[in-house]
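The residues making up each chain are set out below.
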Amino acid sequence: QVQLVESGGGLVQPGGSLRLSCVVSGSILSIYGMGWYRQAPGKQRELVARITSGGTLNYADSVKGRFTISRDNAKNTVSLQMNSMKPEDTAVYYCNADLLLRLQPFERADYWGQGTQVTVSS
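Structural notes, computed from the coordinates. Numbers given to residues run from 1 along each chain, matching the order in which its sequence is written. With pLDDT at 70 or above as the cut-off, local features in this predicted model cover only qualifying residues; side-chain atom pairs require 80 or more to be listed or tallied, and sums for whole chains, interfaces and linings still use all residues. Computation of side-chain values covers all heavy atoms of the structure but excludes hydrogens and water.

This paragraph deals with the packing of aromatic side chains. Side-chain rings of Phe, Tyr and Trp, where Trp is taken by its six-membered ring, are said to pair if the distance between their centres is within 6.5 Å; with planes under 30 degrees apart they count as stacked, over 60 as edge-to-face, and otherwise as tilted. By the definition in use, this model includes one aromatic pair. Between the aromatic rings of Tyr37 and Trp112, the centroid separation amounts to 5.0 Å while the plane-to-plane angle is 65°, which identifies the pairing as edge-to-face. Highlighted residues: Tyr37 in strand S4 (residues 30–39) and Trp112 in strand S10 (residues 107–112), separated in sequence by 75 residues. Definition used: whenever NZ (Lys) or CZ (Arg) falls within 6 Å of the ring centre and also within 35 degrees of the ring normal, the charge is taken to sit over that ring. Stacked on the ring of Tyr94, the Lys or Arg Arg45 has its end atom at 3.8 Å from the ring centre. The lysine or arginine in question, Arg45, covers the ring of Trp112, its NZ or CZ lying 4.8 Å from the ring centre. Each helix is a run of H or I in the DSSP string that is no shorter than four residues. Each strand is a run of E no shorter than two, and both are numbered from the N terminus.

As structure tokens, then:
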């Protein structure tokens, strides 16, 4: 079974840093893309950062210059380095993966992690 497990969430002061990690396990042939989304109380879930198999990067305008997404293909892992954090970054962060499961027949699917709480407060 495919699983996405996030880690690294917690409480941090404004201006501080956190690093989130997400590990994908299961019967997977390859990863088309992985990303991080977040949902704050009373708000819609939004894209934070995404990286494709080709290395294309996408960031929300609110985190550009502060957050960095990276991958370790050998370990099926994606990380999010969060620096200069603001109270507005407080949210539950979810890992997402677009996966190739099999070739015959072709099967591609989208998976989500359980989420990890990030709180930025003084």
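Take Leu11: it is sitting in strand S2 (residues 10–12). Spatially, the C-alpha atom of Leu11 lies 9.1 Å from that of Thr90, the residues being 79 residues apart in sequence.

Turning our eyes to something else, we now look at a nonpolar patch on the surface. A contiguous nonpolar patch, built from Leu29, Leu103 and Phe106 and spanning about 330 Å² of accessible area, is present on the exposed surface. With respect to the helices and strands, the residue Phe106 is situated in the loop between strand S9 (91–102) and S10. Overall, Phe106 belongs to the exposed group, its relative accessible area being 51%. Like charges are joined within 9 Å and nonpolar side chains (Val, Leu, Ile, Met, Phe, Trp, Tyr) within 5 Å, but only among residues with over 30% relative accessible area and no salt bridge; these make up the patches. Here the open area of atoms and residues is found with the Shrake-Rupley method and a 1.4 Å probe, where only the protein chains shown may cover a residue. What makes a salt bridge here is a side-chain nitrogen of Lys or Arg within 4 Å of a carboxyl oxygen of Asp or Glu, nothing more. The buried label applies to any residue whose accessible area, calculated with a 1.4 Å probe on protein chains only, is under 20% of its type's maximum; exposed applies above 50%, and partly exposed to all values in between.

Pairs of cysteine sulfur atoms within 2.5 Å are identified as disulfides in what follows. The full count for this structure, using the stated rule, is one disulfide. The disulfide bridge from Cys22 ends at Cys95, spanning 2.1 Å between sulfur atoms. Given an S-S torsion of about -85°, the disulfide between Cys22 and Cys95 has left-handed geometry. Of the two residues, Cys22 is situated in strand S3 (residues 18–25) and Cys95 in strand S9; the sequence distance between them amounts to 73 residues. Relative accessible area serves as the criterion here: at 0%, Cys95 is assigned to the buried category.

Buried residues of nine kinds, namely Ala, Val, Leu, Ile, Met, Phe, Trp, Tyr and Cys, make up a nonpolar core once their side-chain atoms join them within 4.5 Å. In this structure, Trp36, Leu80, Met82 and Tyr93 are the most contacted members of the largest nonpolar core, which totals 32 residues. At the level of elements, S3, S4, strand S5 (46–52), strand S7 (67–72), strand S8 (77–82), S9 and strand S11 (116–120) are the ones that each hand at least two residues to this core. If you tally residues by element for this core, the top one is S9, at six residues. Contacts are residue-level and defined by heavy atoms, with any inter-residue pair within 4.5 Å sufficient. Each residue touching Tyr93, except ones within four places of it in the same chain, is listed here: Glu6, Leu20, Trp36, Tyr37, Arg38, Val48, Phe67, Leu80, Met82, Gly115, Thr116 and Val118.

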